[in-house]
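Reading the structure
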Amino acid sequence: MRSSKKADYDAIVVGAGFSGIRSLWELGQLGLTAKCFEAGSDVGGAWYWNRYPGARTDSEAWVYAMNFIPELKDEWNYSERYPSQQEVQRYLSKVVDHFHLRENIEFDTRIRAAHYSDSENIWTITTAAGLSTTCRYFLAASGPLSVTKAPPFAGLESYTGEWYQTSIWPTRQVDFRGKRVAIVGTGATGVQIIPKLAHVAKELTVFQRTPNYVLPGRNYAIDEDHATEIKQNYDATWNRASTHPFGLAMTASGKTVENVTDARKIKQILDAGWESGGFHFQFETLDDLFTNQESNDIASEYLRQKIHAVVQDPNTAKILSPKYPFLSKRPPCGHFYYEAYNRPNVKLVDISRDDIALYEKGIRTSSGVEYEFDVIIFALGFDAGTGALSEMDVKGCQGNSLGDHWAKRLETFAGVLVPGFPNMFLVCGPHVPFGNMPVVLEIGVSWIGKTLRHMEKNKLTKIDVSQTAVDAWSSHLDEAFRATLFAESAKASGAWFVGANIPGKAANVLFYFGGVPTWNAWLENETRTAWANMIFSLPKGTEKVGEYPKINSQSQTATDIISSA
Ligand code: NAP
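Residues numbered from 1 in each chain as written. Predicted model: local features only at pLDDT ≥ 70, side-chain atom pairs only at ≥ 80, totals over all residues. Heavy atoms only, no water.

**Focus on the nonpolar core**
As a reminder of what qualifies: Nine residue types can take part in a nonpolar core, namely buried Ala, Val, Leu, Ile, Met, Phe, Trp, Tyr and Cys, and a core is a set of them joined through side-chain atoms within 4.5 Å. Burial classes follow relative accessibility: with a 1.4 Å probe on protein chains only, a residue under 20% of its type's maximum area counts as buried, one over 50% as exposed, and anything between as partly exposed. Each helix corresponds to a stretch of at least 4 residues labelled H or I by DSSP, and each strand to a stretch of at least 2 residues labelled E; elements are numbered beginning at the N terminus. These domain limits were set by an automatic method or by a database of domain assignments.
Among the nonpolar cores identified, the biggest contains 137 residues, and Tyr-91, Trp-123, Ile-125, Phe-138, Val-394, Phe-413 and Phe-497 are the most heavily contacted of them. With 10 residues, the top contributor of residues to this core is helix α15 (residues 437-457). Lining this core are residues from two domains, each supplying at least three of them: domain 1 (9-147 + 384-564) and domain 2 (215-330). Core analysis: the second largest hydrophobic core is formed by 31 residues, Tyr-52, Ala-55, Trp-169 and Ala-379 among them.

In structure tokens:
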């Protein structure tokens, strides 16, 4: 079926972060007309909103880029191992300006609804101001971590001081000098802002509910020689990252607790990971940290000892030491995080057994202790994976709501399509691999591009995905997660990647833990088999009533892939 009504654009992209920008470029390459709506006043998505002091990537600069632009990779230099928020935003601005993508982006425009019309086969995208635009393809690039968890604390309205949320940080400078500052939340965000504020606030009080295993980032400036080396090795680095389970340019050590039995050698391996900094600790030390209890126990204990070695006050060190297995929560990358607690102006308050509420002057714990503050910062995390799309009022075939659909069962095909939501493509939606997003989205958007090219070339007007393929993917996804050690402890420790950080949210694994290469194989299986698991429609008049043409029914299906894996 072809729409009898002409849509305003071939495609609409929602979100102008990494995913949306990458999508806009892809659509341009296909010669499709495209429009992008972005709630922020500039590009960046998460990098636009999360401009709190200390915000920087946890992935290394050489894999935090858009791989599709050969000329930019030669021109652009990040200045640090972990680029700062400002630098990432400058990079994204450079990308959109270089490719003249900015003119297709409408800023300060939040999308309230996206509705599919069965009769017209078009999507109507409606802004918060009530303006509607139509398109044939809807690319949802609204971000896996974009819906802020608002402070749920009683008494917030009575508090008379300043308060801020890290993920909606003001564009103006906030002055902390001489102030008594509180921060609630010690995830990857809290861990970045705490050492920064420790140096400027008069007093900094950290309210921690659950401790994290914080890995030392060991940031450094990238000098000219290193910048040259990055460029020379760029393709090899990117290939390494694309074939790494978590999209990082890291190499498994080949060492496990099974093949290294000498405790001293294991310590040396972990020491090397600790010294390398950041995620090298979990990806280049013991390969069985994710799957072997003994290995994970050794690493967890090693990290607890490191905390005790850095933090001078034993009681503070104890409160900062997690009891759950390493990797049950996504470990943050710190920059002198534990060291901050050795400063006389920094205090840690354990709220693992206390609720907190706000009152006129500050924070009161349920055990009755009151703390006065001039400023309170909330770094409470996000409604991850499904949050942005569930909030948006997305309706597919027969007016079915995506939010309602996902509340019952979180279904996608490989994080790119949802059954019953034709011509809607998820860009870094739920179920994409857990890992370094620039690598993940490069693969995902390239696949969407190939699919659109196939549709345009063959005059296919509608794509949906078969329920069989979705079911096969769902079982594979669950199986991959169950194979990790932390399938249960992630829920118990409140990890956001299973939705356990949001009260009342259905416990679903929101990301794929089978690794980037296997995910890529699922997607490639579709392109290689002329999209055997997809249901396409031809223009009206050329299709058979009640039957969708199968492009290649003989080809290998998703189920075949798993059974041969
Ligand atoms: P998060 O990991 O979910 O941490 C939120 C923090 O707020 C936790 O310490 C949590 O405690 C606390 N919290 C939430 N609700 C609370 C309540 N009602 N009372 C007391 N404490 C409460 O969120 P995040 O730090 O924003 O990080 C989320 C993810 O964003 C990261 O894992 C990472 O993937 C991404 N991120 C990346 C970077 C980077 O790459 N540089 C930087 C920041 C964030 P509980 O643990 O007890 O729930």
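**Concerning the pairing of strand β4 (residues 111-117)**
Counted only if it meets this: For two strands to be treated as a pair, DSSP must find no fewer than two bridges joining them.
Taking burial as the measure, the 7 residues of β4 include 5 buried ones, the bulk of the element. Sheet topology note: the β4/strand β5 (residues 122-127) ladder contains 6 bridges and is antiparallel. Bridge assignment links Tyr-116 to a residue of β5, and that residue is Trp-123. Hairpin connection of β4 to β5: 4 residues between the antiparallel strands, including Asn-121 at a positive phi of 55°. Here β4 runs beside strand β17 (residues 394-395); their pairing, made up of 2 bridges, is parallel. The partner of His-115 across the bridge, within β17, is Lys-395.

**Some words on the sheet that holds strand β14 (residues 362-365)**
Operational definition: Think of each axis as a best-fit line through the C-alpha atoms, taken over the contacting stretch in the case of a helix, with angles from 0 to 180 degrees between the N-to-C directions.
Pairing within the open sheet is antiparallel, and its 3 strands lie in the order β13-β14-β15. Looking at strand neighbours, the two that pair on one side only are β13 (356-359) and β15 (370-372), the edges of this open sheet. Across the sheet, the mean angle separating the axes of adjacent strands is 25° when strand polarity is ignored. Pairing geometry for β13 and β14, over 4 bridges, is antiparallel. Bridge assignment links Ile-356 to a residue of β14, and that residue is Thr-365.

**Comments concerning helix α7 (residues 234-242)**
Put simply, the rule is: This arc describes the spread of directions from the helix axis toward the C-beta atoms. Only heavy atoms enter the contact rule, under which two residues are in contact if any of them lie within 4.5 Å.
For α7, every residue scored as buried is listed here: Tyr-234, Thr-237, Trp-238, Ala-241 and Ser-242. One side of α7 carries all its buried residues, which in axial view fall inside an arc of 135°. In this fold, the buried residues of α7 make contact with α3 (70-75), α6 (224-232), α15 and α18 (516-528).

**Some remarks on the pattern of salt bridges**
Formally: Any carboxyl oxygen of Asp or Glu that lies within 4 Å of a side-chain nitrogen of Lys or Arg is treated as forming a salt bridge with it.
Scanning the entire structure with this criterion turns up 25 salt bridges. Here Arg-22 ties to Glu-26 by a salt bridge, and the two come within 2.7 Å at their closest N and O atoms. Here Arg-22 and its partner Glu-26 are both found in helix α1 (residues 18-29), 4 residues apart, which amounts to about one turn of the helix. We note that Arg-22, like Glu-26, is buried. A salt bridge links Asp-471 to Arg-409; the shortest N-O distance between them is 3.3 Å. Within this pair, whereas Asp-471 is found in helix α16 (residues 467-482), its partner Arg-409 is found in the loop between α14 (402-408) and β18 (424-426), the two being separated by 62 residues in sequence. Residue Arg-409 is classed as partly exposed on the basis of its relative accessible area, which comes to 38%. Because the salt bridges share partners, they merge into one network encompassing Asp-10, Arg-136 and Glu-456.

**Concerning the state of the cysteines**
For the record, the criterion: To count as a disulfide, a pair of cysteine sulfur atoms needs to be within 2.5 Å.
Inspection of every chain in the model, using the stated rule, returns 0 disulfides. With no disulfide of its own, Cys-135 has Cys-36 as its nearest cysteine by sulfur position, at a separation of 12 Å.

**Considering the packing of α7 against α15**
Each pair of packed helices gets described by two things: the angle between the helix axes and the distance between those axes. Put simply, the rule reads: Roughly parallel here means an angle under 35 degrees, roughly antiparallel means over 145, roughly perpendicular means 65 to 115, and every remaining angle is called oblique. Just so you know the grouping, Ala, Val, Leu, Ile, Met, Phe, Trp, Tyr, Cys and Pro go in nonpolar, Asp, Glu, Lys and Arg go in charged, and all remaining residues, Gly too, go in polar.
In the contact formed by α7 and α15, the axes pass within 10 Å of each other and the chain directions differ by 85°. In terms of axis orientation, α7 runs roughly perpendicular to α15. The residues of α15 that touch α7, namely those facing Trp-238, Ala-241 and Ser-242, are Pro-438, Val-439 and Glu-442. Of the residues assigned to the contact of α7 with α15, the class counts are 4 nonpolar, 1 polar and 1 charged.

Keep in mind that these numbers describe shape and distance, not what the molecule does.
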